[in-house]
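Chain by chain, the residues:
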Amino acid sequence: MSSPREPLSAFRTVLKRGGGERPTFPLSVHVLVMVAVALVLLSGLLWLLTSDQTSPLSPSPDDRTTLEVIRLCLYSIAGIGGVIALTVSYRKQRVTEATEIREATKLFNERFASAAEQLSSQRAANRLAGVYAMAALADDWDAGRQTCINVLCAYVRMPYETPPFRHEREAANNPRRFRPVLEERLIRHSVLNVVGGRLRRAPVPGRTWHEHDFDFTGVNLDGGNLNDALFLGRVSFAFGRFTAGTIDFSRVRFEGPVDFNRARFLGARLRFAETRFAGPVLFTETTVAAGLLDFSSAHFTRDVGFDGTVFAGGQVHFAKTVCSSPVLGAKPLLDFSGASFTGTSVVFDYPDISTATLDFSRVADWSHPPVFNLTEELDTVKLPEREAD
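Only a predicted model underlies this, so the values are computations on that prediction, with no experimental measurement involved.

Caption draft 1: Seen up close, the overall build of the chain. Of regular secondary structure, the chain possesses seven helices and 24 strands. For the chain, with 389 residues in total, the buried portion stands at 41%. In the chain, the proportion of contacts linking residues at least 24 apart, taken out of those at least 6 apart, comes to 56%. For the chain, the accessible area works out to roughly 20,900 Å², and carbon and sulfur atoms hold 55% of it.

See below:
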């Protein structure tokens with residue numbers, strides 16, 4: 001059994017993002033412009049009130065008129081001075097805010113660097129601390145939350161081999177050699193538990209993780225708990241390997257698309273009990289060789305693609321599964337085109353599929369067909385022609 005992968009240099013790289021500030025003119029330019037505008041306004045005002053061209057019927061200005069004009073000019077100067085003072089105050093406020101933003105960004109980058117450094121550590125305890133440090137940073141850093149989530153997902157996607165079962169480890173000559181991979185499994189499960197914990201909270205726009213994307217493409221999972229989570233973004237387990245343990249998706253709500261394209265189910269137990277799939281679901285070209293996929297009381301509201309899937313072993317349960325769309329007249333399609341039923345125990349146990357279509361008409365192999373326990377014969381189940389005959 002090989003030890004966990006070496007620390008990755010990628011986790012040592014800090015992605016510093018600068019939000020380019022808009023170019024601004026020097027304060028002296030602002031003041032000179034305001035003074036120039038003031039002089040132009042005063043000259044125009046004086047000319048307007050005293051010139052014979054603008055006031056030909058008015059008597060020649062006397063001392064009182066001139067005094068009133070001067071007083072009016074002084075009031076105008078005071079008003080323009082107030083505008084200049086407001087401009088200076090506005091500029092100072094912008095500088096202060098920019099400084100605060102830079103300091104906050106610097107602090108976030110330092111925390112990111114520290115968490116990434118912990119994730120790349122040789123010691124399991126440091127890596128575990130790095131998981132929680134990165135999650136805490138994602139809670140606080142609105143602009144960088146998706147980056148932190150990507151790092152946590154990438155950690156779980158790193159190459160990993162499932163450790164042997166307990167009795168196999170105990171039978172080995174040196175069971176202690178499995179300790180590193182057992183520690184790594186604990187850390188990977190902790191990442192999923194951290195993600196699930198954040199997604200069980202009530203969503204707060206801009207402050208929680210629900211609307212972000214989770215990319216677990218190519219992951220090797222042997223356990224984890226995401227039950228009762230709410231995913232509003234895209235979720236991908238494409239090309240994943242589900243090798244052992246229990247991965248709990250019970251009562252999860254997937255409001256966006258879910259991708260298990262070309263995943264391989266090799267012994268894990270995936271529980272989708274009472275899970276709601278509001279977006280399209282892809283199980284295209286997957287392989288079910290062992291383990292369990294339990295869709296008991298799951299609710300599909302959009303099309304589900306099992307086309308090209310190989311059902312070679314294990315079990316797939318659709319007990320009391322609901323397939324219905326909230327859109328009037330829409331009928332979800334469970335498409336099994338090109339699927340091969342050669343060994344998996346696939347059971348449709350009293351599903352609610354009266355407003356859906358199950359299409360088995362173009363399967364590639366029907367040597368071990370599913371078992372249908374239906375309350376009545378439905379036209380919405382399309383079997384292969386030879387089976388229908």
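Caption draft 2: Molecular detail of the sheet that holds strand β12 (residues 281-282). With parallel pairing, eight strands are arranged side by side in an open sheet as β1-β5-β9-β12-β15-β19-β22-β24. Here the strands that pair on one side only, and so sit at the sheet edges, are β1 (214-215) and β24 (381-382). Note: strand β5 (residues 235-236) against strand β9 (residues 258-259), two bridges, orientation parallel. Opposite Ser 236, over in β9, you have Asp 259 as the bridge partner.

Caption draft 3: A look at the nonpolar core. Counting residues in each nonpolar core, the largest one holds 75 residues, and the members touching the most others are Met 134, Trp 209, Phe 237, Phe 242, Phe 260 and Phe 295. Those elements that place two or more of their residues in this core are α2 (63-119), α3 (124-140), α4 (145-157), α6 (179-199), β10 (264-271), β13 (287-294), β17 (315-319) and β21 (345-349). Considering every element that reaches this core, the biggest residue donor is α4, with seven residues. Those residues within four positions of Phe 260 in sequence are excluded, and the remaining contacts are Phe 237, Ala 238, Phe 242, Phe 265, Leu 270, Phe 272, Leu 282, Phe 283 and Thr 286.

Caption draft 4: Up close: the packing of aromatic side chains. Evaluation of the coordinates by the stated rule reveals 40 aromatic pairs. With a centroid separation of 5.0 Å and an interplanar angle of 5°, the aromatic rings of Phe 249 and Phe 272 are classed as stacked. Within this pair, whereas Phe 249 is found in the loop between β7 (246-248) and β8 (253-254), its partner Phe 272 is found in the loop between β10 and β11 (276-277), the two being separated by 23 residues in sequence. The residues Phe 249 and Phe 272 share a single accessibility class, namely buried. Geometrically, the ring pair formed by Phe 295 and Phe 318 is stacked, given 5.1 Å between the ring centres and 10° between the ring planes. Of the two residues, Phe 295 is situated in the loop between β13 and β14 (299-300) and Phe 318 in strand β17; the sequence distance between them amounts to 23 residues. Residue class for Phe 295 comes out buried when judged on its relative accessible area of 0%. By relative accessible area, Phe 318 is classed as buried at 2%. Positioned above the aromatic ring of Tyr 160 is the side chain of Arg 188, whose terminal nitrogen or guanidinium carbon lies 4.1 Å from the ring centre.

Caption draft 5: Summary view of a nonpolar patch on the surface. A surface patch of nonpolar side chains, about 210 Å² in accessible area, is lined by Val 29, Val 33 and Val 37. Take Val 33: it is sitting in helix α1 (residues 27-50).

Caption draft 6: Molecular detail of unusual backbone geometry. Phi at Phe 239 takes a positive value of approximately 60°, unusual for a residue other than glycine. With respect to the helices and strands, the residue Phe 239 is situated in the loop between β5 and β6 (241-242). The class of Phe 239 is partly exposed, set by a relative accessible area of 45%. Positive phi, close to 50°, is recorded for Tyr 350, a residue that is not glycine. Relative to the elements of secondary structure, Tyr 350 occurs in the loop between β21 and β22 (357-359).

So, how was this worked out
- Note on numbering: residues in each chain are counted from 1, in written sequence order.
- In keeping with the predicted nature of the model, local features appear solely for residues at pLDDT of at least 70, side-chain atom pairs appear and are counted solely at 80 or more, and the whole-chain, interface and lining totals rest on all residues.
- Calculated side-chain values reflect all of the structure's heavy atoms, with hydrogen atoms and water omitted.
- Secondary structure is summarised from DSSP: a helix means a run of H or I of at least four residues, a strand means a run of E of at least two, and numbering begins at the N terminus for each.
- When a residue's accessible area, from a 1.4 Å probe over protein chains only, is under 20% of the maximum for its type it is buried; when over 50% it is exposed; and in between it is partly exposed.
- Two residues qualify as a contact provided that any one of their heavy atoms is within 4.5 Å of a heavy atom in the partner residue.
- Accessible surface is estimated by sampling points in the Shrake-Rupley manner with a 1.4 Å probe; for residues, cover comes only from the protein chains shown.
- Being paired, for any two strands, means DSSP has found at least two bridges between them.
- We call a set of buried residues a nonpolar core when its members are Ala, Val, Leu, Ile, Met, Phe, Trp, Tyr or Cys and they connect through side-chain atoms within 4.5 Å of each other.
- Ring geometry is summarised as follows: Phe, Tyr and Trp rings, the Trp one being its six-membered ring, pair when their centres sit within 6.5 Å, and such pairs are stacked at plane angles under 30 degrees, edge-to-face over 60 and tilted between the two.
- Charges are assigned to positions over rings by a cutoff of 6 Å between ring centre and Lys NZ or Arg CZ, combined with an angular limit of 35 degrees from the ring normal.
- Only residues whose relative accessible area exceeds 30% and that take part in no salt bridge are eligible for patches, with like-charged residues grouped when within 9 Å of each other and nonpolar side chains (Val, Leu, Ile, Met, Phe, Trp, Tyr) grouped when within 5 Å.
- A carboxyl oxygen of Asp or Glu within 4 Å of a side-chain nitrogen of Lys or Arg is what we treat as a salt bridge.

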